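For reference, the chains in residue letters:
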Amino acid sequence: MKKIVITGGSGFVGSNILKHLLNKNLEITIILRKNSFIEKNIIKNCQVHYVDDIFHQDYDWWLNIFKEVDIVIHSAWYVKHGKYLMSEKNLECLYGSICMAIAASEAKVSSFVGLGTCFEYDFEYCDKILSIETPLNPKTPYSLSKVSLLNTLRTLQLTSKMNYCWCRIFYLYGEGEDKNRLMPYINQKLKNGETVFLTNGEKIRDYIHISEATKLIIEIALNKLYGEHNICSGKGKSIKEIAEVIAAKYDRNDLLKFGKKDANRFEPLKIIGSPSKIKYQ
């Protein structure tokens with residue numbers, strides 16, 4: 001039976017990964033921050049370690065956790081909505097993740113699965129579809145830290161027997177997402193009959209449902225599809241289109257107010273990815 005360790009199992013991505021893994025023949029260990037909420041049926045079927053801060057655990061602690069472990073899926077990170085892109089907490093996440101990766105390598109873990117971001121890419125190429133061959137050029141503390149971890153994993157693959165999988169995630173939606181993210185925000189406002197303030201709505205984004213995204217990540221992890229992958233739909237929709245589809249459910253298109261919020265200056269007009277071809281087993 002494969003032994004697998006998952007960090008951040010209570011987060012948006014991590015919790016959905018766990019739900020899909022529970023029906024697999026695996027011995028699962030979860031590393032969680034104290035006071036994290038997680039469903040009781042998950043705790044019953046996994047070994048759980050609670051810590052004050054995942055990113056402040058030292059090398060020896062991780063070395064003990066990774067004994068006889070085959071795969072690590074590292075989904076923990078600081079992702080506070082509206083703050084994570086520019087937060088200095090990304091450096092803490094990077095430092096702790098590098099320590100974790102080195103310990104995993106020393107413990108002879110065969111595969112380390114990291115979760116990256118489409119923000120790693122050079123947005124000068126966003127007029128085209130972003131593929132794994134597209135050059136990287138991270139511009140924020142978040143994306144810079146992710147690429148730094150990726151480079152650490154690349155180095156460890158050359159200097160040890162540990163391989164890596166890097167899942168570059170685009171835009172997610174679905175069960176468990178932060179209430180302030182685009183779709184939950186629009187839904188809640190319209191449900192309450194309140195005005196929805198949005199940007200001009202022209203930006204085009206590649207959204208993929210969290211369930212589909214986590215299934216792809218699991219296939220990559222369990223089948224050890226080493227290297228870098230895009231986790232995306234390959235299809236783009238404008239923010240205006242997305243908002244209007246949601247508004248149609250409530251028959252309240254009149255509550256959508258475009259051009260009332262400033263757009264994020266780090267984001268280009270279009271972000272669409274070329275999905276990695278992953279076949280479900």
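You'll find the structure just up there.
All values derive from a computational prediction rather than experimental measurement.

1. A word on the pattern of salt bridges
Okay, step 1: In this structure the tally under the stated criterion is 12 salt bridges.
Okay, step 2: For Lys224, the salt bridge identified is with Asp70, shortest N-O distance 3.0 Å. Highlighted residues: Lys224 in the loop between helix 7 (210-222) and strand 11 (227-231) and Asp70 in the loop between helix 3 (59-65) and strand 4 (71-74), separated in sequence by 154 residues.
Okay, step 3: Looking at Lys224, the relative accessible area reads 23%, which means it is partly exposed.
Okay, step 4: Residues joined by salt bridges that share partners form a network here, namely Glu120, Arg154, Arg168 and Glu228.

2. Focus on the sheet that holds strand 12 (residues 237-238)
Okay, step 1: Spatially, 12-9-14 is the arrangement adopted by the 3 strands of the open sheet, whose pairing is mixed. This sheet does not close on itself; its edge strands, each paired only once, are strand 12 and strand 14 (270-271).
Okay, step 2: In this sheet, strand 14 lies alongside strand 9 (residues 204-205) in parallel orientation, the contact comprising 2 bridges. Looking across to strand 14, one finds that Arg205 is bridged to Ile271.

3. Some thoughts on helix 6 (residues 182-191)
Okay, step 1: Within helix 6 the residues assigned to the buried category are Leu182, Met183, Tyr185, Ile186, Asn187 and Leu190.
Okay, step 2: Each element contacted by the buried residues of helix 6 is listed here: strand 7 (171-173), strand 8 (196-197), strand 10 (207-209), helix 8 (239-250) and strand 13 (256-257).
Okay, step 3: Gly193 sits one or two positions beyond helix 6 and adopts a positive phi of about 70°.

4. Notes on the side chain of Arg205
Okay, step 1: Of note, Arg205 is situated in strand 9.
Okay, step 2: Judged by its relative accessible area of 3%, Arg205 is buried.
Okay, step 3: Looking at Arg205, its side chain comes within polar contact range of the side chain of Tyr171, at 3.1 Å.
Okay, step 4: A distance of 3.0 Å separates a polar atom in the side chain of Arg205 from a polar atom in the side chain of Glu267.
Okay, step 5: The residues touching Arg205, leaving out its near neighbours within four places in the chain, are Tyr171, Lys235, Gly236, Lys237, Ile239, Glu267, Pro268, Leu269, Lys270 and Ile271.

Rules and cut-offs
- Residues numbered from 1 in each chain as written.
- Predicted model: local features only at pLDDT ≥ 70, side-chain atom pairs only at ≥ 80, totals over all residues.
- Heavy atoms only, no water.
- Salt bridge = Lys/Arg side-chain N within 4 Å of Asp/Glu carboxyl O.
- Helix = DSSP H or I, 4+ residues; strand = E, 2+ residues; numbered from the N terminus.
- Buried < 20%, exposed > 50% of the residue type's maximum accessible area, 1.4 Å probe, protein only.
- Pairing = 2+ DSSP bridges.
- Contact = heavy atoms within 4.5 Å.
- Polar contact = N/O pair within 3.5 Å; in protein donor to acceptor, adjacent residues only side chain to side chain.

Shape is all these values report; function is a separate question.
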